[in-house]
Amino acid sequence: MRRKLVAGNWKMHGTLQKNAVLLSRIAAEAPRLNCEVAVCPPYPYLGQAQLALAGSGVALGAQSVSEHASGAFTGEISAAMLLEFGCHYALVGHSERRALFGETDYVVAAKFEAAQMAGLVPVLCVGETLQEREAGSTISVITRQLSAVLERVGVQALAKAVVAYEPVWAIGTGVTASPAQAQDVHEAIRAQVAALDIGVASELRILYGGSVKPENAKQLFGQRDIDGGLIGGAALMADDFLTICLAAN
Ligand code: PEP
């Protein structure tokens with residue numbers, strides 16, 4: 001039985017003061033929630049979030065992670081450092097990292113491996129652009145992105161990982177994939193994994209991300225292969241985020 005997970009990706013938003021309010025609301029409401037909840041604040045706020053969430057059961061995640069363990073990599077953050085600040089999850093391959101920071105499938109697979117080897121649970125983000133969807137290549141793009149990781153680390157690695165399907169055209173646009181569109185891709189992801197290992201596939205949590213809001217969360221999370229959500233904009237507002245978490249109950 002897959003427990004639903006709702007993770008908030010704060011991106012490059014927040015201040016100490018705003019975070020304190022948001023974190024204390026989430027920590028206070030956590031006992032009412034039946035799903036697993038995680039927040040992914042910007043790196044400098046991980047320490048603040050670690051303290052604010054201590055004992056609440058809400059997990060902490062990072063928005064990215066270096067593929068390197070240590071060394072002369074100015075500006076990078078290693079998986080071991082993230083663990084010291086209480087991180088359990090690390091997003092890898094978010095479309096903004098791929099599009100704006102040149103992360104290739106190869107780099108994403110290396111980050112996945114580095115995160116997992118250190119003891120983090122990678123949340124592998126995959127998704128097609130609008131152009132790719134309109135060209136009819138959604139499934140081949142997702143298959144390629146997932147294959148890059150599978151070829152590097154093997155299917156068993158997915159037993160300790162999460163996948164997030166995030167159509168690029170739905171991220172931050174207010175346009176959401178319909179529940180049926182999302183379900184189709186989630187089913188294809190699970191089938192790709194099942195072709196290698198049915199047990200891993202049936203336990204794999206596949207989150208949907210892309211303009212999830214309180215109004216559409218329940219329908220999305222009600223789909224057979226949707227195991228929760230990766231939430232961007234709506235994760236910055238306590239009421240919206242908590243309503244979305246309740247939709248996963
Ligand atoms: C995201 O960036 O992971 C995301 C899903 O953003 P939004 O919910 O704002 O579309």
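Quick note: structure is the one above.
Residues numbered from 1 in each chain as written. Predicted model: local features only at pLDDT ≥ 70, side-chain atom pairs only at ≥ 80, totals over all residues. Heavy atoms only, no water.

## Concerning the overall build of the protein
Applied cut-off: Helix and strand assignments follow DSSP, with helices taken as H or I runs no shorter than four residues and strands as E runs no shorter than two, numbered in order from the N terminus. The quantity called the radius of gyration is restricted to C-alpha atoms. Its globule counterpart is 2.2 Å times the number of residues to the power 0.38. Each residue is placed in one exposure class: buried if its accessible area under a 1.4 Å probe, protein chains only, is under 20% of its type's maximum, exposed if it is over 50%, and partly exposed if it falls in between. In what follows, a contact means two residues having at least one pair of non-hydrogen atoms within 4.5 Å. Areas reported as accessible are Shrake-Rupley estimates using a 1.4 Å probe. Residue values count occlusion only from the protein chains shown. Charge assignment: positive for Lys and Arg, negative for Asp and Glu; neither His nor the chain ends contribute. Charged groups are reduced to one reference atom each: NZ for lysine, CZ for arginine, CG for aspartic acid, CD for glutamic acid.
Assigned secondary structure in the protein consists of 11 helices and 8 strands. For 249 residues, the compact-globule formula gives about 18 Å, and the C-alpha radius of gyration of the protein, at 17 Å, lands near that figure. Dimensions of the protein along its principal axes, counting C-alpha atoms only, are 45 × 45 × 35 Å. Considering the protein as a whole, with its 249 residues, one finds that 53% of them fall into the buried category. In the protein, 73% of the contacts between residues at least 6 apart in sequence involve partners at least 24 apart. Carbon and sulfur atoms make up 57% of the accessible area of the protein, which totals about 11,000 Å². Within the protein, one finds 19 positive and 23 negative side-chain charges whose respective centroids are separated by 4 Å.

## Some remarks on the sheet that holds strand β7 (residues 205-209)
Here is the rule we go by: Pairing between two strands is assigned when DSSP locates at least 2 bridges connecting them. Angles here are taken between N-to-C directions and fall from 0 to 180 degrees, while the axes themselves are lines fitted to C-alpha atoms, restricted in helices to the stretch in contact.
One closed barrel accounts for 8 strands, arranged β1-β2-β3-β4-β5-β6-β7-β8; its pairing is parallel. Direction aside, neighbouring strands of the sheet carry axes that sit 25 degrees apart on average. When strand β3 (residues 59-62) meets strand β4 (residues 87-92), the two strands line up parallel, connected through 3 bridges. In the sheet register, Leu 60 faces β4, and the bridge partner there is Cys 87. In the packing of helix α2 (residues 46-53) onto the sheet, contacts are made with β2 (36-40), β3 and β4, and the angle to β3 comes to roughly 170 degrees.

## Section: helix α8 (residues 179-194)
Rule in force here: What a helix is expected to span follows from its residue count: subtract one and scale by 1.5 Å.
Between its first and last C-alpha, α8 extends 22 Å over 16 residues, near the 22 Å set by a 1.5 Å rise per residue. By the burial criterion, the buried members of α8 are Pro 179, Ala 182, Gln 183, Val 185, His 186, Ile 189, Arg 190, Gln 192 and Val 193.

## What about the site of the ligand?
Defined as follows: The criterion for a residue being near a molecule or strand is simple. One of its heavy atoms has to lie within 4 Å of it. Under this definition, polar contacts are N or O atom pairs within 3.5 Å; protein pairs additionally need one hydrogen-donor-capable and one acceptor-capable atom, and for neighbouring residues in sequence, both atoms have to be side-chain atoms.
Not every one of the 14 residues close to the ligand is listed here, only the nearest: Lys 11, His 94, Glu 166, Gly 172 and Ser 211. Contact between the ligand and His 94: an oxygen atom at 2.8 Å from a side-chain N or O atom of the residue. Contacts to the ligand include Glu 166, whose side-chain N or O atom sits 2.7 Å from an oxygen atom. Its free accessible area being 290 Å², the ligand has 97% of it covered by the protein chains.

## Quick word on the packing of helix α7 (residues 138-153) against α8
Here is the rule we go by: An angle below 35 degrees is read as roughly parallel, one above 145 as roughly antiparallel, one from 65 to 115 as roughly perpendicular, and any other as oblique. Crossing handedness is defined as follows: a turn of the near helix away from the far one that is anticlockwise and smaller than a right angle gives a left-handed crossing, while the clockwise case is right-handed. Three classes are used: nonpolar for Ala, Val, Leu, Ile, Met, Phe, Trp, Tyr, Cys and Pro, charged for Asp, Glu, Lys and Arg, and polar for all others, with Gly counted as polar.
Put simply, α7 and α8 touch, their axes get as near as 10 Å, and they point 40 degrees apart. Judged on the interaxial angle alone, α8 and α7 are oblique. α7 and α8 meet at a crossing whose hand is right-handed. The residues of α8 that touch α7, namely those facing Thr 138, Ile 139, Ile 142, Thr 143, Leu 146, Ser 147 and Leu 150, are Val 185, Ala 188, Ile 189, Gln 192 and Val 193. Partitioning the contact of α7 with α8 into residue classes produces 8 nonpolar, 4 polar and no charged.

## Looking at the side chain of Arg 205
Within the fold, Arg 205 resides in strand β7. Exposure remark for Arg 205: the relative accessible area of 15% places this residue in the buried category. Side-chain polar atoms of Arg 205 contact the side chain of Tyr 89, separated by 3.2 Å. Excluding residues that lie within four positions of it along the chain, Arg 205 makes contacts with Arg 2, Arg 3, Lys 4, Leu 5, Glu 36, Tyr 89, Val 162, Val 163 and Asp 227.

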